[in-house]
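# Working through the structure, step by step
What follows is the residue order along each chain.
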Amino acid sequence: MKVVLFCGGYGMRMRNGDSDAPKPMQMVGPRPLIWHVMRYYAHYGHKEFILCLGYGAHHVKNYFLDYHETESNDFVMRHGEIELQGSDIADWTIHFVHTGLESPIGERLRRVRHLVEDEEIFLANYADVLTDAPLDHMIERFRDSDATASLLAVPPQAVFHIVDVDPGERVNSIYPVTDMRIRENGGYFALRPEAIDYIPENGDLVGDACTSLAKEGKLLSYTYDGFWQPADTLKERNALEAAYRAGTRPWMVWEREPERAPLEGLVDEALGR
């Protein structure tokens, strides 16, 4: 399946004054966030990526144009020549598409519609959120439904407490927001091309398309309570970096599981297609 990645936002909450790189290009270990997201999809066999570029597009382009396999793969040097013992991106296809400096996410998706309109299902992501959710199960559940879109639904990440106050301004109870039976959008989408019909010009994927689809009963969720971590702020990015350095990096599913073929490929093979 094709994977659309939105990587053209300003990412103001991530700014540290040292770089004008877009948020997905912030580093976790030796690789940027966007690489970790792409490597996750590639692990499940989805290796054709459509990068919706905007602000800082040159950072993304230059990174892949000057990609160094030796940073994350073993190699042997003989007589000054490098022999790689593995490769990350040799079998990837990456489309670099400039979708505007100020475009909201929905408009970015509209501008790459020609690349996904012939797909039964395609995937989409903000390119700055990491998880170890079982992508193959999420896709299979969506494919077996009549929904037009699906999103990952995760527990709220906020650490603040809810204060329940009565009309006399006495506090009845205090409890963490995580105790509420609510979910937030986890940023991992599976979509049928007709979902784009629900996005007006300069519209939003969630605020417009998903909201309308939900009202029509055409939006599916994949509820997940496992690892999910955004990198919206420097604090969150630093937490991911610390986890990487400590070796506690559950989002790197490729380190502990063999690479998986896409489910649709396995079905075709079993049916002798």
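Treat the numbers as computed from the prediction; the structure is a model and nothing was measured. (Residues numbered from 1 in each chain as written. Predicted model: local features only at pLDDT ≥ 70, side-chain atom pairs only at ≥ 80, totals over all residues. Heavy atoms only, no water.)

With that out of the way, let us pick up the sheet that holds strand E7 (residues 93-98). Strand order in the open sheet formed by 7 strands is E7-E4-E1-E8-E13-E10-E14, with mixed pairing between adjacent strands. At either margin of the open sheet sits one strand with a lone partner, and together these are E7 and strand E14 (219-223). Averaged over neighbouring strand pairs, the angle between their axes works out to 25° when direction is ignored. As paired elements, strand E10 (residues 149-154) and strand E13 (residues 184-191) share 5 bridges and run antiparallel to each other. Counted as the bridge partner of Ala149 is Leu191 from E13. (Pairing = 2+ DSSP bridges. Helix = DSSP H or I, 4+ residues; strand = E, 2+ residues; numbered from the N terminus. Axes fitted to C-alpha atoms, helices over the stretch in contact; angles between N-to-C directions.)

Turning next to the environment of Leu191. Mapped onto the elements, Leu191 comes out in strand E13. A relative accessible area of 1% places Leu191 in the buried class. Contacts of Leu191, omitting those with residues within four sequence positions, involve Leu109, Glu120, Ile121, Phe122, Ala124, Phe142, Thr148, Ala149 and Leu205. (Buried < 20%, exposed > 50% of the residue type's maximum accessible area, 1.4 Å probe, protein only. Contact = heavy atoms within 4.5 Å.)

Turning our attention to the nonpolar core. In summary, soluble globular proteins display a tendency toward joint burial of nonpolar side chains. Ranked by internal contacts, the top residues of the largest apolar core, which has 52 residues, are Leu5, Tyr40, Tyr41, Leu51 and Leu152. The contact partners of Leu152, leaving out residues within four places of it in the chain, are Thr131, Ala133, Met138, Glu184, Asn185, Gly186, Gly187, Tyr188, Tyr222, Tyr224 and Trp228. The next biggest cluster of nonpolar side chains, apart from the first, holds 23 residues, and it includes Phe6, Val112, Ala153 and Ile199. (Core = buried A, V, L, I, M, F, W, Y, C linked by side-chain atoms within 4.5 Å.)

With 5 of its 6 residues buried, strand E4 (residues 48-53) lies for the most part within the structure. Where strand E1 (residues 2-6) meets E4, 5 bridges bridge the pair, whose relative direction is parallel. Residue Val4 lies in a different strand from E4, and its bridge partner there is Ile50.

A complete count under the given rule lists 13 aromatic pairs for this structure. Plain terms: the ring middles of Tyr40 and Tyr44 are 5.3 Å apart, the flat faces sit at 65° to each other, and that makes the pair edge-to-face. Aromatic rings pair up to connect Tyr40, Tyr41, Tyr44 and Tyr188 into one cluster. Taking the ring centre of Phe142 as reference, the NZ or CZ of Arg192 above it sits at 4.6 Å. The ring of Tyr244 carries the charged tip of Arg249 above its face, separated from the ring centre by 4.2 Å. (Phe/Tyr/Trp six-rings, centres within 6.5 Å; stacked < 30°, edge-to-face > 60°. Lys NZ or Arg CZ within 6 Å of the ring centre and 35° of its normal.)

Should the pLDDT be low somewhere, the predicted coordinates at that spot are not to be read in detail. Per-residue pLDDT for the protein has a mean of 89; in total, 93% of the residues score no lower than 70. In the model, residues 265-273 has pLDDT below 50 throughout and makes 2 contacts with residues more than four positions away in sequence or in other chains. (pLDDT = per-residue confidence, 0-100.)

Looking now at the pattern of salt bridges. In the structure shown here, the tally under the stated rule is 16 salt bridges. Here Lys23 and Asp232 are joined by a salt bridge, their closest N and O atoms 3.0 Å apart. Residue Lys23 is located in the loop between E1 and strand E2 (27-28), and its partner Asp232 is located in the loop between strand E15 (228-230) and helix H7 (234-246); the two are separated by 209 residues in the primary sequence. On the basis of relative accessible area, Lys23 is assigned to the buried category, the value being 11%. (Salt bridge = Lys/Arg side-chain N within 4 Å of Asp/Glu carboxyl O.)

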